[in-house]
Structures are given as C-alpha cells and as structure tokens.
Amino acid sequence: MRKFIGWLAKKDTTGIIEKAGQKASKLYQWAGDKKRAEKLESIIEENSPPPESSKENN
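Residues numbered from 1 in each chain as written. Predicted model: local features only at pLDDT ≥ 70, side-chain atom pairs only at ≥ 80, totals over all residues. Heavy atoms only, no water.

Student: Give me the overall build of the protein: which residues, what numbers.
Tutor: The helix and strand inventory of the protein stands at 3 helices and 0 strands. Ordering the α and β elements of the protein from the N terminus gives α-α-α. A buried classification covers 19% of the 58 residues belonging to the protein. When contacts within the protein are restricted to residue pairs at least 6 apart in sequence, those whose partners lie at least 24 apart make up 53%. Split by element, the accessible area of the protein, about 5,200 Å² in all, is 54% carbon and sulfur. (Helix = DSSP H or I, 4+ residues; strand = E, 2+ residues; numbered from the N terminus. Buried < 20%, exposed > 50% of the residue type's maximum accessible area, 1.4 Å probe, protein only. Contact = heavy atoms within 4.5 Å. Areas by Shrake-Rupley, 256 points an atom, 1.4 Å probe, with all protein chains shown as cover.)

See below:
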C-alpha cells in the first residue's frame, strides 16, 4: 500500500492526493492512532513533487 500511495502522490499534479492524505492523517489522529497518521504524512511528503512556487524565476 505504501508503494501505491507513493506512486499516486508522484503522479498527482493537482495536489488532490496531498490534500486527501492530510485529511486521512487528521482522521487517524482523531481516532488516536498517531503512529499511522505520521507514517501516512511521511509517505505523501516523500513522494509529492515540490510546489510550483519554489521554482526560481529568471
């Protein structure tokens, strides 16, 4: 599942997967499963492309 979520986050150019991951992470935290919430956040963060605004404009 980790590989699939990572692959999906890499392919997503709209940010929908990142937003869904944040909401799922909040749900895990609400349910008291902080370990799983942190794991999900790290998977998404590792595989998300850098934001467009961080590119240098020449």
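Student: Could you give an account of the confidence of the model for the protein, with specific residues and numbers?
Tutor: For any part of a model where pLDDT is low, the fine detail of the predicted coordinates should not be relied upon. Residues at a pLDDT of 70 or more form 86% of the protein, whose mean pLDDT is 83. Mean pLDDT in the protein bottoms out at helix α1 (residues 2–11), which sits at 87, and peaks at helix α2 (residues 16–30), which reaches 90. (pLDDT = per-residue confidence, 0-100.)

Student: Help me get a handle on helix α3 (residues 34–47), residues and values and all.
Tutor: Its 14 residues give α3 an end-to-end C-alpha distance of 20 Å, which sits within 8% of 20 Å, the value for a rise of 1.5 Å per residue. Residues of α3 that are buried: Ala37, Leu40, Ile43, Ile44 and Asn47. Mapping the buried residues of α3 onto a view down its axis gives an arc of 130°, with all of them on the same face. Opposite the buried face of α3, by more than 90 degrees, sit the exposed residues Lys34, Lys35, Glu38, Glu45 and Glu46. Buried residues belonging to α3 abut α1 and α2. (Expected span 1.5 Å × (residues − 1). Arc of directions from axis to C-beta.)

Student: Describe α2, and please don't skip the residues or the numbers.
Tutor: With 15 residues, α2 extends 21 Å between its outermost C-alpha atoms, agreeing within 8% with the 21 Å of an ideal straight helix rising 1.5 Å per residue. Phi turns positive one or two residues past the end of α2, at Gly32, with a value near 90°.

Student: Tell me about the packing of α2 against α3, and please be specific about residues and values.
Tutor: Closest axis-to-axis distance for the α2/α3 pair is 8 Å, and the angle between their directions is 170°. Here α2 lies roughly antiparallel to α3, going by the angle between them. On α3, the residues touching Ile17, Glu18, Gly21, Ala24, Ser25, Tyr28 and Gln29 of α2 are Lys34, Arg36, Ala37, Leu40, Glu41 and Ile44. Classifying every residue of the contact of α2 with α3 by side-chain character gives 6 nonpolar, 3 polar and 4 charged. (Axes fitted to C-alpha atoms, helices over the stretch in contact; angles between N-to-C directions. Parallel < 35°, antiparallel > 145°, perpendicular 65-115°, else oblique. Nonpolar A, V, L, I, M, F, W, Y, C, P; charged D, E, K, R; others polar.)

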